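# Examining the three-dimensional arrangement
So you can see what is in the structure, the chains are spelled out below.
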Amino acid sequence: ESGLFSETSAKTLQNKVMYDIISQFGRRGQEGLRNLKKSSFKTSVDAKGRQYVSMAYNECDKNHHGLDSRESIKEPRMYENGGKYFRGRSYEKNVTKLNPTLSDFFQRPLQKVSDQMECWYANKAVGVNTLASFMSRMSTEAHLSVRYTNHCIRAHVTSTLHQQGFSSSRLLVTGTLRVLHLT
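## Description of the nonpolar core
Core analysis: the biggest nonpolar cluster contains 26 residues, and I21, F25, L36, F41, F105 and F106 have the highest contact counts within it. Those elements that place two or more of their residues in this core are α1 (10–25), β2 (51–55) and α4 (134–141). Element by element, the count of residues in this core is highest for α1, at 7 residues. Look past the residues within four positions of F105 in its chain and what remains in contact with it is V17, I21, L36, K37, K38, F41, Y91, N94, V95 and L98.

Below, the structure is given as structure tokens:
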């Protein structure tokens, strides 16, 4: 375990949340990551009482421009999973540690932080190049034998869902990726 997804530092907490957002919401490479704001997400509870995070709006993307009423509305959800890598806990902790004076969701992490500190991020957004090279940087820092890209996260989700036997009717098609749609 490399510690790159730890919740004890601003940088590694942001790594975890960024990975979760790319994988759970099917974000392409750098598509829209730089434009995400704190208000881009909402926390809700489903009919079974399970808490989840979703996008606060139905965004346009490369393949869906929101102009065609025949396009299905997608609402991917990031559910709690209760395990060691508890997505909801990481998201909530990250949100509470964001700089209150900046609306951007991805903010520059401070080098030294403690749980007692209210803010773990600088009053400056993470740059588009840093966001675009996220998985490449993670591959290097984790000493992986292959250099991965942000798009590899989407491809992994697609193949995993396919291998687990999810039917097309339970998947939303967004370009070349099928994203699990939990309803």
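Okay, back to it.
## Focus on the packing of α1 against α4
Where α1 meets α4, the axes come as close as 11 Å, and the angle between the chain directions of the two elements is 125 degrees. As the angle between them shows, α1 and α4 are arranged oblique. Between α1 and α4 lies a crossing whose hand is left-handed. Residues K11, N15, M18, Y19 and I22 of α1 form the contact with α4, whose participating residues are F134, M135, R137, M138 and E141.

## Here's the deal with the packing of aromatic side chains
Under the definition given, this model contains 4 aromatic pairs. Plain terms: the ring middles of F41 and Y91 are 5.9 Å apart, the flat faces sit at 70 degrees to each other, and that makes the pair edge-to-face. Placement of F41 in strand β1 (residues 41–45) and of Y91 in helix α2 (residues 87–97) is noted, with a sequence separation of 50 residues between them. Residues F41 and Y91 agree in their burial class; the two are buried. Measuring from centroid to centroid gives 6.1 Å for Y91 and F105, while their planes differ by 20 degrees, and the two rings are stacked.

## Considering the sheet that holds β1
The antiparallel open sheet is built from 3 strands, whose spatial order is β1-β2-β3. Each of the sheet's edge strands pairs with one partner strand only, and the pair in question is β1 and β3 (77–79). Across the sheet, the mean angle separating the axes of adjacent strands is 30 degrees when strand polarity is ignored. As paired strands, β2 and β3 are joined by 3 bridges and run antiparallel to one another. Opposite Y52, over in β3, you have Y79 as the bridge partner.

Procedures and definitions
- Residues numbered from 1 in each chain as written.
- Predicted model: local features only at pLDDT ≥ 70, side-chain atom pairs only at ≥ 80, totals over all residues.
- Heavy atoms only, no water.
- Core = buried A, V, L, I, M, F, W, Y, C linked by side-chain atoms within 4.5 Å.
- Buried < 20%, exposed > 50% of the residue type's maximum accessible area, 1.4 Å probe, protein only.
- Helix = DSSP H or I, 4+ residues; strand = E, 2+ residues; numbered from the N terminus.
- Contact = heavy atoms within 4.5 Å.
- Axes fitted to C-alpha atoms, helices over the stretch in contact; angles between N-to-C directions.
- Parallel < 35°, antiparallel > 145°, perpendicular 65-115°, else oblique.
- Left-handed = near helix turned anticlockwise from the far one by under 90°.
- Phe/Tyr/Trp six-rings, centres within 6.5 Å; stacked < 30°, edge-to-face > 60°.
- Pairing = 2+ DSSP bridges.

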